[in-house]
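# Examining the three-dimensional arrangement
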Amino acid sequence: MDSRQLEYFVAVAEELSFTRAAQRMFTVQSTVSAAVRALETDLKTTLFDRSTRRVVLSAAGQALLPEAKAALEALDRARAVVEEASTGLRGNIRIGTLARLSLVNLAELLGAFHRAYPLVEVQVATSPTGSTGLADDVRHGRLDVALLGLPTPELNGLDVREIATVDFVALVPAGHDLARRKALRLEDLAGERFVDMPGGFGNRKMVDRAFEAIGHPRRIQVEVPELTAIPDYVRAGLGVAVVPEPELTGEPGVAKLPLKGVDLTWTLSVATLAGRPPSRAVTALLDLVGPDGRYF
């Protein structure tokens with residue numbers, strides 16, 4: 001058994017595909033297949049149940065996966081300690097974030113991190129499935145750290161540091177009868193058509209549940225992947241919206257109204273995988289964020 005075999009095994013286990021694992025490891029499928037077969041021979045067991053349609057972990061593979069990840073992480077830490085002692089902190093950080101978050105000065109944060117640790121490679125990606133996708137990527141090792149907004153019950157398996165909490169507001173077209181109100185209850189919006197983000201986004205989940213709790217499930221007329229695009233559809237009269245306030249500035253043709261009678265807030269958090277210490281590079285990044293939240 002060697003570390004490369006474990007790396008290929010983990011890639012196949014996470015992707016559930018030898019083809020995707022090979023692409024992820026920048027090699028050919030035959031190399032991945034040969035490495036996994038050699039590992040199975042060494043362990044005298046089958047790690048995957050293979051068919052022409054799918055690849056799934058066997059019971060032995062499920063038992064090996066967390067141990068393989070732990071072994072690889074231990075090797076990475078050992079290498080990092082030696083390299084840091086001789087040349088400075090090295091490593092790779094994969095960061096996931098939501099698109100266009102005004103609460104986060106991520107560029108400034110990563111710029112400061114690069115100046116402090118120029119040998120650490122940083123990769124940043126956004127998730128088309130929102131906070132749900134980001135959380136899942138952290139749990140499965142595809143990301144090292146993520147900026148996301150999910151209710152507490154959906155943060156299982158993650159270590160989370162809260163960065164900011166903001167209130168939701170209602171958006172209605174300026175000519176709408178409700179635009180003359182000083183504040184709105186969720187009941188005032190019952191029966192309206194809504195503009196919102198897709199179902200995987202944390203703010204969408206929270207608002208859906210709030211309306212279901214009062215017995216008025218919403219009808220979503222328009223789904224858009226970016227929060228900043230929602231006012232455009234509200235202005236066009238295609239629906240109303242309930243969104244986190246700081247993401248939106250003054251929008252002509254749209255009335256922004258506070259909500260009353262409901263405790264509806266959205267929390268932005270930075271998340272890492274629970275149960276295992278983050279890498280030295282990730283720890284350095286979290287330390288740079290610091291308790292004062294100066295980049296947020």
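Residues numbered from 1 in each chain as written. Predicted model: local features only at pLDDT ≥ 70, side-chain atom pairs only at ≥ 80, totals over all residues. Heavy atoms only, no water.

## Observations regarding the overall build of the protein
Across its full length, the protein carries 10 helices and 11 strands. Counting only C-alpha atoms and orienting by the principal axes, one finds that the protein spans roughly 70 × 50 × 30 Å. A total of 296 residues make up the protein; the buried ones form 44% of that total. Contacts spanning at least 24 positions in sequence make up 71% of the contacts within the protein whose residues lie at least 6 apart. Put simply, the protein shows about 14,900 Å² of open surface, and 51% of that area lies on carbon and sulfur atoms. (Helix = DSSP H or I, 4+ residues; strand = E, 2+ residues; numbered from the N terminus. Buried < 20%, exposed > 50% of the residue type's maximum accessible area, 1.4 Å probe, protein only. Contact = heavy atoms within 4.5 Å. Areas by Shrake-Rupley, 256 points an atom, 1.4 Å probe, with all protein chains shown as cover.)

## Looking at the environment of Trp266
By secondary structure assignment, the location of Trp266 is in strand S11 (residues 265-273). Trp266 sits in the buried class, given a relative accessible area of 3%. For the pair Trp266 and Leu47, spaced 219 residues apart in the sequence, the C-alpha separation amounts to 42 Å. Residues contacting Trp266, with those up to four places away along its chain left out, are Leu98, Leu101, Leu103, Gly149, Ala164, Thr165, Val166, Phe168, Gly202, Asn203, Met206 and Pro244.

## Quick word on the packing of aromatic side chains
With the rule as written, the count across this model stands at 4 aromatic pairs. When the ring of Phe18 is compared with that of Phe48, the centres are 5.9 Å apart and the planes differ by 70°; the resulting orientation is edge-to-face. With Phe18 in helix H2 (residues 18-24) and Phe48 in strand S1 (residues 48-50), this pair connects stretches of sequence that are 30 residues apart. For the pair Phe18 and Phe48, a shared accessibility class is recorded, and that class is buried. When the ring of Phe194 is compared with that of Phe211, the centres are 5.2 Å apart and the planes differ by 70°; the resulting orientation is edge-to-face. A residue pair is termed long-range when its members are at least 10 positions apart, and Phe194 in strand S7 (residues 193-196) and Phe211 in helix H8 (residues 202-213) qualify at 17 residues. For Phe194, a relative accessible area of 1% corresponds to the buried category. (Phe/Tyr/Trp six-rings, centres within 6.5 Å; stacked < 30°, edge-to-face > 60°.)

Take it as geometry only, folks, not as evidence of what the structure does.
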